[in-house]
Amino acid sequence: MVYRTSKSYFFISSNSAQGLKNVMLTFTVRIFLFWLLFICLSYQAFSQINFRGQATSGTISGSTIVVGKPIGTVAGDVMIANISTNGNNVVSSSAGWTLLKNVNSGTSPTASVSTILYKVVNSSDVPVTNYTFALGTGANGAAAAIVSFSGLDTIRPIDTTSATFNVGNSRLPIAAGVTTLTPKTAILMLGQIGRAHV
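Residues numbered from 1 in each chain as written. Predicted model: local features only at pLDDT ≥ 70, side-chain atom pairs only at ≥ 80, totals over all residues. Heavy atoms only, no water.

1. Examining the nonpolar core
Then, in step 1: W97, F133 and I146 are the most contacted members of the largest nonpolar core, which has 16 residues in total.
Then, in step 2: With sequence-adjacent residues up to four places away left out, F133 is seen in contact with S63, T64, I65, V67, A81, I83, S93, S94, W97, L117 and I146.
Then, in step 3: L41, I49, I80 and L190 belong to the second largest nonpolar core, which has 14 residues in total. (Core = buried A, V, L, I, M, F, W, Y, C linked by side-chain atoms within 4.5 Å. Buried < 20%, exposed > 50% of the residue type's maximum accessible area, 1.4 Å probe, protein only. Contact = heavy atoms within 4.5 Å.)

2. Considering the pattern of salt bridges
Then, in step 1: Taken as a whole, this structure holds three salt bridges when the rule is applied.
Then, in step 2: Among the ionic pairs, D77 bridges to R52, the shortest N-O distance being 2.8 Å. Highlighted residues: D77 in the loop between β6 (64–68) and β7 (78–86) and R52 in strand β5 (residues 50–59), separated in sequence by 25 residues.
Then, in step 3: Residue classification places R52 among the partly exposed residues on the basis of a relative accessible area of 34%. (Salt bridge = Lys/Arg side-chain N within 4 Å of Asp/Glu carboxyl O. Helix = DSSP H or I, 4+ residues; strand = E, 2+ residues; numbered from the N terminus.)

3. Structural notes on the environment of T59
Then, in step 1: As for its placement among the helices and strands, T59 is situated in strand β5.
Then, in step 2: You can call T59 partly exposed: its relative accessible area is 22%.
Then, in step 3: Each C-alpha atom, one on T59 and one on A143, is 6.6 Å from the other, the two residues being 84 residues apart in sequence.
Then, in step 4: The contact partners of T59, leaving out residues within four places of it in the chain, are T64, I65, L135, G141 and A142.
Then, in step 5: A polar side-chain atom of T59 sits 2.6 Å from the main-chain carbonyl oxygen of S61. (Polar contact = N/O pair within 3.5 Å; in protein donor to acceptor, adjacent residues only side chain to side chain.)

4. Details of the environment of S123
Then, in step 1: Relative to the helices and strands, S123 is located in the loop between β9 (112–120) and β10 (130–134).
Then, in step 2: Expressed as a C-alpha distance, the spacing of S123 and V74, which sit 49 residues apart in the sequence, is 8.3 Å.

5. What about the sheet that holds β9?
Then, in step 1: Strand order in the open sheet made by the five strands is β5-β11-β7-β9-β8, with antiparallel pairing throughout. Each having just a single partner strand, β5 and β8 (98–105) make up the two edges of the open sheet. Pairwise comparison of adjacent strand axes, ignoring direction, gives a mean angle of 10° for this sheet.
Then, in step 2: With nine bridges joining them, β5 and strand β11 (residues 141–150) adopt antiparallel strand pairing. If you follow A55 over to β11, its bridge partner there is I146. (Pairing = 2+ DSSP bridges. Axes fitted to C-alpha atoms, helices over the stretch in contact; angles between N-to-C directions.)

6. Thoughts on the confidence of the model for the chain
Then, in step 1: Per-residue pLDDT for the chain has a mean of 76; in total, 69% of the residues score no lower than 70.
Then, in step 2: Ranking the elements of the chain by mean pLDDT puts strand β2 (residues 19–20) last with 44 and β10 first with 95.
Then, in step 3: Note on residues 10–32: pLDDT is under 50 here. Beyond four places in sequence and across chains, it has 84 contacts. (pLDDT = per-residue confidence, 0-100.)

7. Details of the pairing of β6
Then, in step 1: Residues of β6 alternate between two faces, with I65 and V67 buried on one and T64, V66 and G68 left unburied on the opposite face.
Then, in step 2: Taken together, the five bridges between β6 and β10 define a ladder with antiparallel strand orientation. The residue bridging T64 from the neighbouring strand is A134, located in β10.

Given below as structure tokens:
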């Protein structure tokens, strides 16, 4: 069995000295390719960071993937897209979204690409119900998720990041931790797995 998936986990770090140390995840199948990214989200003064919502999508063919806007998202929120693609080494993109991180494994047609983008929601996003992301020619499958948060610093929403990329054959991949730089930072953990063999 071969598949791609995207996962999101949300933590709160109460001060700049805290963070997450090594994290071990357990899967029911052996993971051949595993990628994990910690994103530290900066809070806005006099605000509290809150998880607003999420939306997910998947496709087995085509050069684009469409993901809904998380329900309840309003202007001033920050959305983060987590996209995992098979079949090429093209970084996913969409107008108005800023690339945060990407990593690719191999070359077409057996490549896998992981892309993280973010967008500060403005008034033009209010009537929008979904977003289309370009996957590039040769993509033969993708999974995507968008999560949104309120209370983030809209000028500098990202405090810091830490990424782990593993290629192996394990049910217990270990991800490196992250140390936040500023107080009251939220930690978002985005994970992607691919080519998982039962």
